[in-house]
Amino acid sequence: MAFTTKKSLLAKVRAGDEVSWREFYETYRPLIVLVGNDCLLRPDENEELVQQVMCELFTKDIIGKYDPDHIPDDVKFTYDPKRGRFRHFLKRIVRNQAIKIYKKRLEYENLEDAEAACGENKFDAVWNEEWRKHVLNMALVELRGRVQPETYSAFEMYALQNRKLREVCEFLDMSETSVYTAKSRCIATLKDIIANLEEK
């Protein structure tokens, strides 16, 4: 997904700026699904989790009015920063909705069993890891848009894919120094992007 402004989607959300519902949905749906998978939700339950989280996030019943995969661009989401850090706010909603889904399963008879299935400590560890991956993926998308294609390719092959230096140089017709420089610049830029994406 391409970013259309200098500010990332996460930065825009945290700042309380309006963002496209579709862009928001496409960005955060994978995160919610991954967390659901880690909590051992079934595929149908994961879909329910996405729907319930998104409905909880929006004051309008967006899901009931539109096909989630084809939301018009003029439908907007605005987050109130007074609610606290967005990632903590989203985490609470995802966990609460996951517990509700567990409670609906016949094998769970009470809240304690549902809590044990996705306990707070376990959920926090899962959430933190998936959030870290989510932010890194967003940062890599932004990095790709900031640097020259050849620079990103060198960084991707050498730093991310762990290809041998000689292989990268031959494939991209670059010198070793150029590959090292590309890696160094991309890492420095990536750190800046992540620092801006992560909440203080």
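Residues numbered from 1 in each chain as written. Predicted model: local features only at pLDDT ≥ 70, side-chain atom pairs only at ≥ 80, totals over all residues. Heavy atoms only, no water.

### Some words on helix H2 (residues 21-38)
And step 1. Relative to the 26 Å expected for 18 residues at 1.5 Å per residue, H2 spans 25 Å between its end C-alpha atoms, a close match to the ideal helical length.
And step 2. Taking the largest bend as the criterion, H2 deviates by roughly 30 degrees, centred on tyrosine 28, and proline proline 30 comes between one and four positions later.
And step 3. Trp21, Glu23, Phe24, Tyr25, Thr27, Tyr28, Leu31, Ile32, Val33, Val35 and Gly36 are the residues of H2 that are buried.
And step 4. Between the side-chain oxygen at the start of H2 and the backbone nitrogen of arginine 22 there is a gap of 3.3 Å, and the oxygen is on serine 20.
And step 5. Leucine 40, located one to two residues past H2, shows a positive phi value of around 65 degrees. (Helix = DSSP H or I, 4+ residues; strand = E, 2+ residues; numbered from the N terminus. Expected span 1.5 Å × (residues − 1). Bend = angle between axes of the 7 residues up to and from the residue. Buried < 20%, exposed > 50% of the residue type's maximum accessible area, 1.4 Å probe, protein only. Polar contact = N/O pair within 3.5 Å; in protein donor to acceptor, adjacent residues only side chain to side chain.)

### Some details on the nonpolar core
And step 1. Counting 48 residues, the largest nonpolar core has Phe24, Tyr28, Met54, Leu57, Phe86 and Leu90 as its most contacted members.
And step 2. Broken down by secondary-structure element, the contributors of at least two residues to this core are helix H1 (9-15), H2, helix H3 (43-57), helix H5 (86-104), helix H7 (120-146), helix H8 (149-160) and helix H10 (176-197).
And step 3. By residue number, the principal contributor to this core is H7, which donates nine residues. (Core = buried A, V, L, I, M, F, W, Y, C linked by side-chain atoms within 4.5 Å.)

### Side note on the packing of aromatic side chains
And step 1. This model, assessed by the stated rule, comprises eleven aromatic pairs.
And step 2. Centre to centre, the rings of tryptophan 127 and tryptophan 131 are 5.9 Å apart; their planes meet at 25 degrees, and the pair counts as stacked. Taken as a pair, tryptophan 127 and tryptophan 131 lie in helix H7 at a separation of four residues, close to a single helical turn.
And step 3. With relative accessibility at 1%, the residue tryptophan 127 sits in the buried group.
And step 4. Through pairs of rings, three or more aromatic residues link up here, namely Phe24, Tyr28, Phe77, Tyr79, Phe86 and Phe89. (Phe/Tyr/Trp six-rings, centres within 6.5 Å; stacked < 30°, edge-to-face > 60°.)

### Considering the packing of H7 against H10
And step 1. The interhelical angle for the contact between H7 and H10, taken along N-to-C directions, is 125 degrees, at an axis separation of 9 Å. If you check the angle between H7 and H10, you find them oblique. In terms of crossing hand, the pair formed by H7 and H10 is right-handed. Within the contact between the two elements, H7 uses Val135, Leu136, Met138, Ala139, Leu140, Glu142, Leu143 and Arg146 and H10 uses Cys186, Thr189, Leu190, Ile193, Ile194 and Leu197. (Axes fitted to C-alpha atoms, helices over the stretch in contact; angles between N-to-C directions. Parallel < 35°, antiparallel > 145°, perpendicular 65-115°, else oblique. Left-handed = near helix turned anticlockwise from the far one by under 90°. Contact = heavy atoms within 4.5 Å.)

### Observations concerning the environment of valine 13
And step 1. Its place among the elements puts valine 13 in helix H1.
And step 2. As for valine 13 and phenylalanine 24, which are separated by eleven residues in sequence, their C-alpha atoms are 8.9 Å apart.

### Looking at the pattern of salt bridges
And step 1. Inspection of every chain in the model, using the stated rule, returns eight salt bridges.
And step 2. For arginine 42, the salt bridge identified is with glutamate 45, shortest N-O distance 3.1 Å.
And step 3. In this structure arginine 42 comes out as partly exposed when scored by relative accessible area, which is 39%.
And step 4. With a closest N to O distance of 3.0 Å, lysine 91 and aspartate 124 form a salt bridge. In this pair, lysine 91 is assigned in helix H5 and aspartate 124 in helix H7, connecting sequence segments 33 residues apart.
And step 5. Beyond isolated ion pairs, a larger network of salt bridges with shared partners links Arg42, Asp44 and Glu45. (Salt bridge = Lys/Arg side-chain N within 4 Å of Asp/Glu carboxyl O.)

### A short note on unusual backbone geometry
Excluding glycine, residues mostly have negative phi values, and the peptide bonds linking residues are mostly trans.
And step 1. A positive phi angle is found at asparagine 162, which is not glycine, with a value near 55 degrees.
And step 2. The topology assignment puts asparagine 162 in the loop between H8 and helix H9 (165-172).
And step 3. Backbone geometry at aspartate 173 places phi at a positive 55 degrees, although glycine is not the residue there.
And step 4. Mapping aspartate 173 onto the fold places it in the loop between H9 and H10.
And step 5. With relative accessibility at 70%, the residue aspartate 173 sits in the exposed group.

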